[in-house]
Every structure is written in C-alpha cells, then in structure tokens.
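Here is what each chain is made of, one letter per residue.
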Amino acid sequence: MIRLAPLCIAATLLSTPAALAATYKTDQGHTEVQFSWSHAGVSTQNGEFTTVEGTLDIDPEQVEKASLNVTIKTDSLATGFKPLDEHLSSADFFEVETFPEITFVSTNVERTGEDTARVTGDLTIHGTTKPITLDTKLTHIGPHPVGASLDYYKGEWIAFEATTTLDHMEFGVGPFSTGPITIRISTEMRAE
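Note that the structure is a prediction, hence the values are computed from the model and not measured. (Residues numbered from 1 in each chain as written. Predicted model: local features only at pLDDT ≥ 70, side-chain atom pairs only at ≥ 80, totals over all residues. Heavy atoms only, no water.)

A word on the pattern of salt bridges
Tallied over the entire structure, the rule returns 5 salt bridges. Taking the shortest distance from any N to any O, the salt bridge between Glu101 and Lys73 comes out at 2.7 Å. With Glu101 in strand S6 (residues 101–111) and Lys73 in strand S4 (residues 67–73), this pair connects stretches of sequence that are 28 residues apart. Ionic pairing is found between Lys154 and Asp151, a salt bridge with its closest N-O pair at 3.6 Å. (Salt bridge = Lys/Arg side-chain N within 4 Å of Asp/Glu carboxyl O. Helix = DSSP H or I, 4+ residues; strand = E, 2+ residues; numbered from the N terminus.)

Okay, here's the thing in structure tokens:
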C-alpha cells in the first residue's frame, strides 16, 4: 500500500560510465504499486494503487546520494472487486477522503551489490509517518530498448523493482491485523 514505488529507484545503483546524473520521473503506464495480505490464513489477496508520481534524482557514480520522492493517490486503490475497493477506501481502512495521499521520501541509500540497494525513507499513510526500507533491484538504465521504434520512449530511462513488508496497524489502517502486508513496486522512469 505504498507507492512507494517508483520510489525504490535507488536501484539506480548500477554504475555505468555512460549514465549521467539526472532527474527521472515515473511513467504512469509502466509503474505498479501492488500490495498483498493473508485473508485469515485461507488465501492471499492482492490490490494495487494505480496513480503514482515519483521523482528520482541520481548520479550512477554516487548512488548513495540519490533521493526519491513518491506520492500515491489513495483513491486509485483497485482490487478487482468493487465492494472490497469501497470497504478499503472507507473510514474502516484508508479513509481516502481524509487522507488522499500516501508519500515516501528517501532518507538513505545503501548500495548492496552491482545492481541492488536498500532505500530507507519516511512512509506516510493515514497521517502516520514511519521509516521503512525498500530492497531494490535496478533492471535498466540508459536508452529505452523501444526508443528506436516509438518516439515516446526516446531519451534516457531507468527502471527498478522494489519490495518491502509493513504492519498496517502501525499506520492506523484497519480495525484488526491481517498480518504483514507485502509491497511490490515495479517502475520505469524517464529522464527530464
């Protein structure tokens, strides 16, 4: 439940000489913030936030100085089942009319491998801010492979995947615990 997503870009950890310091913005059509939880131990349920905006400032030569800011619109919650969407959006859970955004602001980036990093930051959900850490993996940096065929993809791009888990009760979301919530983020971002 955190669009943190795109966020997680710290994955920009790949040190490629051709890549230069840049500011990247999320591409809405290729950014997903998914969340899943256990339904009473009987099944795993899934949902996602479909409207996410993120900005990543990064220099591949100094990944540790990267910064990521992400905003997720809570009313973009979608599970594929309208009654569940309405319940999760209500005062029982996200209370989207009162808390229309989830935000993530990075505070630290630790490179853990050639294309991996741990991105720590402040996540705000339902008016409560807590630190979380995203395990990120860089999946692309440089010209987009589709750029040669479609003008939309011309320019420099960066892409990464990120995961984390969180306790929704710590953010005041929900009347009872469903156990840990797993967050999966996949994003493509274009250099400005």
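A word on the pairing of strand S10 (residues 181–191)
The alternating pattern of S10 places Ile181, Ile183, Ile185, Thr187, Met189 and Ala191 on a buried face, while none of Thr182, Arg184, Ser186, Glu188 and Arg190, on the opposite face, is buried. One ladder, built from 9 bridges, connects strand S1 (residues 22–39) with S10; its direction is antiparallel. Following the sheet pairing, Glu32 is matched in S10 by Ser186. (Buried < 20%, exposed > 50% of the residue type's maximum accessible area, 1.4 Å probe, protein only. Pairing = 2+ DSSP bridges.)

Brief notes about the environment of Thr128
Among the structural elements, Thr128 can be located in strand S8 (residues 128–143). A residue is classified by how much of its surface remains accessible, and Thr128, at 24% relative accessible area, is partly exposed. In the structure, Thr128 is positioned 27 residues away from Gly155 in sequence and 37 Å away in space, judged by C-alpha atoms. In this structure, Thr128 is in contact with Leu123, Glu170 and Phe171, ignoring residues within four places of it in sequence. (Contact = heavy atoms within 4.5 Å.)

Concerning the side chain of Asp85
Looking at the secondary structure, you find Asp85 in helix H2 (residues 82–89). In this structure the side chain of Asp85 is engaged in a polar contact, spanning 2.6 Å, whose partner is the side chain of Thr79. If near-sequence neighbours (up to four positions away) are discounted, Asp85 is found in contact with Leu77, Ala78, Thr79 and Gly80. (Polar contact = N/O pair within 3.5 Å; in protein donor to acceptor, adjacent residues only side chain to side chain.)

Details of the packing of aromatic side chains
Counted under the stated rule, the structure contains 6 aromatic pairs. Plain terms: the ring middles of Phe49 and Phe94 are 5.6 Å apart, the flat faces sit at 90 degrees to each other, and that makes the pair edge-to-face. A residue pair is termed long-range when its members are at least 10 positions apart, and Phe49 in strand S2 (residues 43–49) and Phe94 in the loop between H2 and S6 qualify at 45 residues. Assessed through its relative accessible area of 0%, Phe49 is described here as buried. Seen from their ring centres, Tyr152 and Tyr153 are 4.9 Å apart, and the 85 degrees between their planes marks the pair as edge-to-face. By relative accessible area, which is 13% here, Tyr153 ends up buried. Taken together through their ring pairs, the aromatic side chains of Phe35, Trp37, Phe49 and Phe94 make up a single cluster. Sitting above the plane of the Tyr152 ring, Arg190 keeps its charged end 4.4 Å from the centroid. (Phe/Tyr/Trp six-rings, centres within 6.5 Å; stacked < 30°, edge-to-face > 60°. Lys NZ or Arg CZ within 6 Å of the ring centre and 35° of its normal.)

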